[in-house]
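Survey of secondary and tertiary structure
This is what each chain is made of:
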Amino acid sequence: MKSELVFIPFPAYGHITTAVENAKLLLSRDERLSVTVLIIKLPFDTGIETYAKSLHALTSERLRFLEVSPDNSASYSAVPESPMSFVSSYLESQRTNVREAVLIRSQSSRLAGFVVDMLCTAMIDVANELKVPAYVFFTTSAALLGLFFHLQSLTDHHGLDVTEYKDTDPDLSVPSFLNPVPVKVLPSVVFNKSGGSQLIISAARRLRETKGIMLNTFAELETHALMALAVDGCKGKVPHLYPVGPVLDLKANQPGPEDPVIKWLDDQPDKSVVFLCFGTMGCFDEDQIKEIARGLERSGHRFLWSLRRLPSPGEVPGEYEDPSQVLPEGFLERTARTGKVIGWAPQVAVLSHVAVGGFVSHCGWNSILESMWFGVPMATWPLYAEHQLSAFEMVKEWGMGVEIRLDYRKDFLSTKNTVEVVTGEEVEAGIRRLMEEGGSEVRKKVAEMKKKSRVAMEEGGSSYTSMGCFIEDVLKEHA
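This next bit is on the overall build of the chain. Secondary structure assignment for the chain yields 17 helices and 15 strands. Taking 23 Å as the expected radius of gyration for a compact globule of 479 residues, we find that the chain reaches 22 Å, a close match to that expectation. By its C-alpha atoms, the chain is 65 × 50 × 50 Å across when sized along the principal axes. Across the 479 residues that make up the chain, the buried fraction comes to 57%. Considering only intrachain contacts with a sequence separation of at least 6, the fraction spanning at least 24 residues in the chain is 75%. In the form shown here, the chain has an accessible surface area of approximately 20,300 Å², with 50% of it arising from carbon and sulfur atoms. Averaging the coordinates of the 49 positive side-chain charges in the chain and doing the same for the 62 negative ones gives two points 4 Å apart.

Quick look at the structure:
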């Protein structure tokens with residue numbers, strides 16, 4: 001009988017895809033393991049329904065998917081006003097359902113442990129009830145993990161209220177960062193006095209309780225952050241760390257050679273196109289769209305722009321039936337020979353294309369790792385969550401990105417969200433820095449990291465070795 005790990009990803013597209021790829025990597029490494037992935041469905045639209053259904057096609061003897069559905073007796077018509085607190089409470093309420101699902105599954109397998117998402121720490125309680133080890137899959141940077149632990153330490157051991165940092169403007173000294181960290185790039189949740197900040201502090205405490213933490217990063221990228229965490233690990237303050245990345249889904253949604261986007265890219269010169277894509281939830285109002293268009297046109301560079309429609313309350317961004325209605329008059333006609341505006345984009349296929357020479361991104365962690373994997377330099381335009389901190393890492397810590405903005409915020413879940421418009425001149429300047437001679441040093445560093453990211457995942461590489469250590473530790477615990 002196989003040793004079974006139960007994966008519990010956070011119910012958002014980027015978290016689920018990465019967890020599934022991580023599970024597949026584990027299974028490819030050792031025949032003694034099997035994995036069940038639990039998909040906890042939120043009671044409002046998060047854009048994962050189609051993808052969750054498609055996962056069942058991957059089902060095999062060693063990889064299974066189970067859905068934990070919301071309580072049908074409750075009514076949820078829209079995203080709640082305090083999303084972080086709601087989602088946290090909702091996930092806590094699903095512990096009994098998760099326990100029952102795992103118990104049913106464990107009748108035909110030997111339960112070896114839980115691998116819970118960094119945002120699903122409530123499920124550690126279920127692992128404890130079932131007397132199996134709990135591990136965490138931390139889907140973003142080691143530096144962010146270090147920040148979580150640092151903020152928790154400031155709260156618990158120094159009595160500081162980290163939400164007060166919002167009203168000052170110091171740079172913070174965080175052990176997992178080489179440079180002082182400006183307060184303006186900390187995740188918005190850190191300043192949330194309505195419980196959001198405490199959720200992060202509580203999550204950090206729970207992370208310390210676990211048997212180990214897998215991270216979607218690699219030693220060559222985050223050498224300093226991992227060493228800083230290892231120092232605390234030697235003092236018994238941090239669980240064992242397993243940097244196993246970059247864990248990427250490189251085969252999903254691959255378009256064929258006749259796809260109009262790919263055919264258009266085939267006709268462009270190498271490294272001549274700047275690709276603008278802002279993630280599953282990335283979208284802007286009409287004023288900002290017009291400024292982006294103005295900056296693109298002024299830059300003179302070829303572009304591929306994934307433009308998504310603002311969602312109605314409780315929905316996710318969608319497609320425009322006619323993008324010309326929100327673009328400057330005549331823009332599509334004037335740029336017809338040098339640019340293409342599309343809806344949803346096959347991001348991996350685009351980044352892997354030789355015509356793409358730059359990437360204007362929201363700085364989601366998966367997007368950052370994909371840009372490095374394919375050696376495409378990035379211009380930063382963060383939106384929500386930890387994006388501002390990731391943008392800071394790209395530009396200031398690693399020198400592998402150019403700045404359009406580091407501190408732009410547009411929380412797609414917020415009902416009270418006023419953002420400053422980024423001007424066309426800023427967009428133009430950022431694209432020029434990215435695509436022209438000024439970006440040559442950035443381009444060189446990204447090319448070097450492309451090689452290192454691939455070596456890390458090869459046999460004998462740092463992440464390959466770390467994954468092997470994780471597998472042996474799981475099996476040893478289960479012996």
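The final tally for this structure, using the stated rule, is 25 salt bridges. D125 is the partner of R95 in a salt bridge, and the nearest nitrogen-oxygen pair spans 2.6 Å. Of this pair, R95 sits in helix α4 (residues 95-106) while D125 sits in helix α5 (residues 124-129), and the two are 30 residues apart along the sequence. The residue K193 makes a salt bridge to E164 at a minimum N-O spacing of 2.8 Å. Residue K193 is located in the loop between β7 (181-182) and α7 (196-209), and its partner E164 is located in the loop between α6 (142-158) and β6 (171-172); the two are separated by 29 residues in the primary sequence. Three or more residues are tied together by salt bridges with common partners; here these are R95, D125, R206 and E209.

On to α4, then. The end-to-end C-alpha distance of α4, which contains 12 residues, comes to 16 Å, matching closely the 16 Å that a straight helix rising 1.5 Å per residue would cover. Those residues of α4 lying buried are V98, A101, V102 and R105. The buried residues of α4 occupy an angular sector of 95° when projected down its axis, which confines them to one face. Of the surrounding elements, those touching the buried residues of α4 are β1 (3-8), β2 (33-40), β3 (63-68), β4 (110-117) and α5.

In this section: the packing of aromatic side chains. Taken as a whole, this structure holds 14 aromatic pairs when the rule is applied. Ring centres of Y242 and F470 lie 5.2 Å apart, and the angle between their planes is 80°; on these two criteria the pair is classed as edge-to-face. Placement of the pair is Y242 in strand β9 (residues 240-243) and F470 in helix α17 (residues 462-478), with a sequence separation of 228 residues. Take Y242: its relative accessible area is 3%, and that puts it in the buried class.

With that settled, the discussion passes to the pairing of strand β5 (residues 134-138). Summarising burial for β5: 5 of the 5 residues are buried, a large majority. The alternating pattern of β5 places A134, V136 and F138 on one face and Y135 and F137 on the opposite face, and all of these are buried. Two elements, β4 and β5, share 4 bridges in a ladder whose sense is parallel. Within β5, the position partnered with V116 by the bridge is V136. The sheet contact formed by β5 and strand β8 (residues 212-215) spans 4 bridges and is parallel. Its bridge partner lying in β8, F138 is registered against L215.

Here the focus is the sheet that holds β5. Taking strand neighbours across the sheet as the criterion, the 7 strands line up as β3-β2-β1-β4-β5-β8-β9 in an open arrangement whose pairing is parallel. Of all strands in the sheet, those bounded by a partner on one side alone are β3 and β9. Going across the sheet, the axis of each strand differs from the next one's by a mean of 25°, ignoring polarity. Bridge count for β1 against β4 is 6 bridges, and the pairing is parallel. Bridge pairing in β4 links I8 to V116.

Moving on to helix α13 (residues 365-373). The buried fraction of α13 amounts to 9 of the 9 residues, a majority that puts the element mostly inside the structure. Of the residues flanking the end of α13, it is G375, one or two places downstream, whose phi is positive at about 70°.

Conventions adopted
- Residues numbered from 1 in each chain as written.
- Predicted model: local features only at pLDDT ≥ 70, side-chain atom pairs only at ≥ 80, totals over all residues.
- Heavy atoms only, no water.
- Helix = DSSP H or I, 4+ residues; strand = E, 2+ residues; numbered from the N terminus.
- Rg over C-alpha atoms; globule rule 2.2 N^0.38 Å.
- Buried < 20%, exposed > 50% of the residue type's maximum accessible area, 1.4 Å probe, protein only.
- Contact = heavy atoms within 4.5 Å.
- Areas by Shrake-Rupley, 256 points an atom, 1.4 Å probe, with all protein chains shown as cover.
- Lys, Arg positive; Asp, Glu negative; His and termini not counted.
- Charge placed at Lys NZ, Arg CZ, Asp CG, Glu CD.
- Salt bridge = Lys/Arg side-chain N within 4 Å of Asp/Glu carboxyl O.
- Expected span 1.5 Å × (residues − 1).
- Arc of directions from axis to C-beta.
- Phe/Tyr/Trp six-rings, centres within 6.5 Å; stacked < 30°, edge-to-face > 60°.
- Pairing = 2+ DSSP bridges.
- Axes fitted to C-alpha atoms, helices over the stretch in contact; angles between N-to-C directions.

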